[in-house]
Amino acid sequence: MNKQSLLALSPQLLRILALVAVTGLILLFFATQIENYLNGRLFNRISSSVAVMALIATGQTLVILTRNIDLSVGSTVGFTAFAAGSLITLMPDLNPALLVAYAALLGAGFGLVNGLLVAYASVPSIIVTLATMALYRSLLVEFSNAKSITSESLPAWLVDFPNLPVISIGDLQVRAGFLVAVTIVFLAHLALTRLRPARRIFAVGSNPEAAAMAGIDSRRVVLVAFILSGMLAGLAGFMFLARFGNITVVAGLGFELKSIAASVVGGVSINGGSGSVIGAFLGTILVDLIDSSLVRWPIVSEFWREAVLGAMILIAVAVDTLFIRRLDRMRAARAHETALAQQGAKS
Amino acid sequence: MRNIGKITALAALLLSTAAIAHADTLTLEPGKEVNMVLLPKFLGILVFDQANEGAQEAHKELSNPGKLEFLGPTPENSVAGQIEIMTTATTQKQGAVMLSNNAGDQIAPAAKAAQDGGTKVVTWDSPIPSGEGESIFVAQVDFASIGVVMADMAHSILGGAGEMAVLSATPDASNQNAWIEAMKKALAADAKYKDIKLVDVVYGDDQAEVSYSRALALVDKYPNLGLIMSPTTVGIQAAAKAMQDEGLCDKIKVSGLGLPSEMVSYTLNGCAPEFALWDFRDLGYLTYYTAYGLASGQMKGEVGETFKAGRMGEYTIEADPGRANAKRILMGPFTVYNKSNVEAAAK
C-alpha cells in the first residue's frame, strides 16, 4: 500500500487495520513458540472467553468517549450475575427474555446512579465510580449472604446457551455466546456512526464547549453513556452467569481494569472524543489472546506473566500512538502541499 | 477421629511425663466475658460462613456474655483489609482475633502488635507462614496428610500412571502452597507414584473465570494431561465446569478439595470422580474453643496442654511439624467424596 492510498483511509479504519495486523503478528509469533497453536480450538477458546469482556469494553468505550471512566463495571457484572442467578434459582421457569431484561435493567440502574452523580452532581467520574465499585461489591457481599450460585441450580438452557455451536467448521466452532457479543458490538458501532443522538457522545468528548454551543445537553449525554455502560455490564453479568455457572462474591473482580485496557489497546483515546467500539472489541481479543497464549508459553513463569502482559499492552499503545502521530504529520504535510499548490495555481 | 485425638493425647501424655500438670485435660469454664473477632480471608465464600456458624454455636455453648463479630475484608481488598481489621481489633482491645490468613507474612507485624496489646491471635484454615505473632494454629487436617490424600486420589483416578497439573488459588496463599509442597513430597516418597508426573502448577486467583481459562490453557499446553488437581473449592469447580463444557471429561478428570454441594453433579457425571474436604463448621467451633480458652486466661497455649472442646472432644497443643517455632492443634480428619457418598453430603 503506498503513501497516498494509506492517507485516503480514515484514521479509525487505519487503527483497526493496525490492530488486525498486530494480532496477526502475535499469532504468528506464538505459532513459532507453541506446538499445536494455530487450530480451531484456539479460536473456540478466545471467542468464548471474549464474549463477556467485549460487552463490558463496549460500555467502557462509550463512557471513555465522553472523557469519563467507569470503574464500577466489575462490581456491576458481579452483582447482576449473582442477582440473575438467584432469580432463576427461585423461579426456574422464568421466561429467558425476562431474565435478560432483569440483568440489563439492574445494570442500567447502577449506571444511572453513577451517571447522576457524575453529570448532575459534577463529581469526577473516577471518584464516583471508585466509590460505587466498592459500594456495589459490598452490596453483593450483603445480598449474597455468603451463599454462592451453583450451576446445578440453573436451568439447562441457560448453562448450555453460551457454548451452543451455531456454525462448525471442523474443530472450529462459532458459538452462541460469541455471536451475541459480536451482534451487540456491531449494533453499538452502527448506532455510534449512523445515529445523530449517538454522535453527540463524540461531540461532548472531543470538545464540551463547542458541544454546548451547538445546543447539546452534555450532562444528559454523559448520563446516558453511564446508563448504557451499566446496562452492558448487566448483560455481561448475564453472560457471566451462563458461562461460569458458579457465582461467588468475587465474580467480575478486576474487570474494570481489563475493560479499560481493552479499550485503550483498541485505540480509544483516554482523553475522550476519539475511538470506536470495533477497536475496543479487537483490543479485547488482543489482550485475551496475549494473556491465554502467555499461559501456554513455557518461557514465561507465572510470576512474570502479568508483567509481560503489561509490557505488551504498553508496546501496543505506544506503537499505535507513534503510528497515528506520524500519519497525522503526513496528512498535515499533504494538506500543506495541496494548499501551496492551490496558491500557486491562483497566482 | 476421637481415637486419633485420644492417641495424640496419649502420646502427649507420654512425652510430657515430666510436666504432669499439662497432661490433665482442661475443661473450660463458661461465662467469661471475652470479645472476639472471626476474620476470614474475605466475606461471601460459603466455607467461611460455615466456619462462622460453628463459632457462633460454640459462642452460645460457652455462654460468653461478650461479642463475637464476623468481620472480613471485601474480596478485592483482602490483604490490606485483613491487616486493617487486625489493627482495629488491637486498638479495640479485643480478647482474640481468629484469622484465616490470606496476607502471608505481611500480617505478622500487625499480629505481633495485637499480641503486645493483649489480643490473642489464633489462626485457622491458613496460618501465618513464619508463625510470628500467632498464638496457635488450628489446623483442619495435617498438612502432610493432605499431600498424601491428593497423591492417592491422583493415583486412583489416573490408574497409577499419567500426567497431572495443579490449579491453585493465589500464588501467596500459604495453605495451598503448603499442600502442594506436601503432595510433591508424597509423590516423591513412595515408588507407587513413580509414573505420575506433575507437569505444572498454575494459579486461578480463586476466581471462577481465571480458574476456568487456566484449566483450559493447561489442557492446550499438555496434550497428554489426565488430571487437574485443584486444592481450592473455587478452582476445582471451575475446572470441572470447563472440562464439562468442552466435552473433555472422558480424557481429563478433575480432583482436589471441593464442597459436596458444589461438586455433586460433576462427581455423578464422572468429570470429578473423587475429591476431599473437611468440615468447616467443626473448624470454626474448635477455633472458637481455643481462642476462648486463651483469651479468658484459662489456657496458657503451651505445647502439651490438653483441653476439651465441647462436642468435639479432647485436643492437645503440639509443635507444628510444618513450621519451626509454631504451635498447632490438629482437627482432622477429612472425608473423601465419590459417587457413593456425595449426594448425601450435598444436602
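Calculation rules
- Residues numbered from 1 in each chain as written.
- Chains lettered and ligands numbered in written order.
- Predicted model: local features only at pLDDT ≥ 70, side-chain atom pairs only at ≥ 80, totals over all residues.
- Contact = placed C-beta atoms within 7 Å.
- Helix = DSSP H or I, 4+ residues; strand = E, 2+ residues; numbered from the N terminus.
- Nonpolar A, V, L, I, M, F, W, Y, C, P; charged D, E, K, R; others polar.
- Expected span 1.5 Å × (residues − 1).
- Bend = angle between axes of the 7 residues up to and from the residue.
- Domains from an automatic or database assignment.
- Pairing = 2+ DSSP bridges.
- Axes fitted to C-alpha atoms, helices over the stretch in contact; angles between N-to-C directions.
- Parallel < 35°, antiparallel > 145°, perpendicular 65-115°, else oblique.
- Left-handed = near helix turned anticlockwise from the far one by under 90°.
- Buried ≥ 20, exposed ≤ 12 C-beta atoms within 10 Å, placed from the backbone.

So, on to the interface of chain A and chain B. Where interface size is given, it is often the accessible area lost as the parts come together that is meant. With 29 residues of chain A at the contact, the number on the chain B side is 33 residues. Counting residues per element, the ones that place at least two in the side of chain A that touches chain B are α3 (40–65), α6 (125–144), α13 (277–296) and α14 (302–346) of chain A. With 5 residues, the top contributor of residues to the side of chain A that touches chain B is α6(A). Residues of the side of chain A that touches chain B, tallied by class, amount to 10 nonpolar, 12 polar and 7 charged.

Residue and element names in this part refer to chain A. Compared with the 38 Å implied by 1.5 Å per residue over 26 residues, the 35 Å span of α3 between its first and last C-alpha is a close match. In the structure, α3 departs most strongly from a straight axis at A51, where the bend amounts to approximately 45°. Directly after α3, the chain includes R67, whose backbone phi takes a positive value near 70°.

Residues and elements named next belong to chain B. With respect to the secondary-structure elements, G258 resides in the loop between β10 (253–256) and α10 (260–268). Put simply, G258 and I85 are 173 residues apart on the chain and 28 Å apart in space, counted from C-alpha to C-alpha. If near-sequence neighbours (up to four positions away) are discounted, G258 is found in contact with T233, I236, Q237, M263, F275 and L277.

This next bit is on the domain arrangement of chain B. All names here are of chain B. With domains assigned, chain B is organised as domain 1 (2–141 + 279–337) and domain 2 (143–276). The distance between the C-alpha centroids of domain 1 and domain 2 comes to 29 Å. Element by element, the count of residues in the side of domain 1 that touches domain 2 is highest for strand β16 (residues 335–337), at 3 residues. Classifying every residue of the side of domain 1 that touches domain 2 gives 9 nonpolar, 6 polar and 1 charged.

All names here are of chain B. One open sheet holds the 3 strands; their spatial order is β1-β12-β13, and the pairing between them is mixed. This sheet does not close on itself; its edge strands, each paired only once, are β1 (25–27) and β13 (314–316). Within this sheet the neighbouring strands show an average axis-to-axis angle of 30°, counted without direction.

Attention now goes to the packing of helix α9 (residues 233–245) of chain B against α10(B). Residues and elements named next belong to chain B. One way to put it is that α9 packs onto α10 with a least axis distance of 10 Å and a crossing angle of 30°. Between α9 and α10, the interaxial angle falls into the category roughly parallel. The handedness of the crossing between α9 and α10 is left-handed. Across the interface between the two elements, T233, I236, Q237, A240 and Q244 of α9 pack against E262, M263 and Y266 of α10.

Through backbone hydrogen bonds, the strands of a sheet pair up, either in parallel or in antiparallel fashion. Residues and elements named next belong to chain B. Taken together, 7 strands build an open sheet; the order of strands is β3-β2-β4-β5-β6-β15-β14 and the sheet is mixed. Strand pairing shows two members of the sheet lacking a second neighbour, β3 (68–70) and β14 (318–319), which therefore form its edges. Across 3 bridges, strand β5 (residues 120–124) lies against strand β6 (residues 136–139) in parallel orientation. By the bridge assignment for β6, T123 is matched with F137. Running over the sheet, helix α11 (residues 280–295) touches β2 (36–39), β4 (96–99), β5, β6 and β15 (327–330) and is turned about 165° from β5.

With 14 residues, helix α8 (residues 208–221) of chain B should cover 20 Å at 1.5 Å per step; its first-to-last C-alpha distance of 20 Å lies within 8% of that length. Burial within α8(B) is extensive, with 13 of its 14 residues counted as buried.

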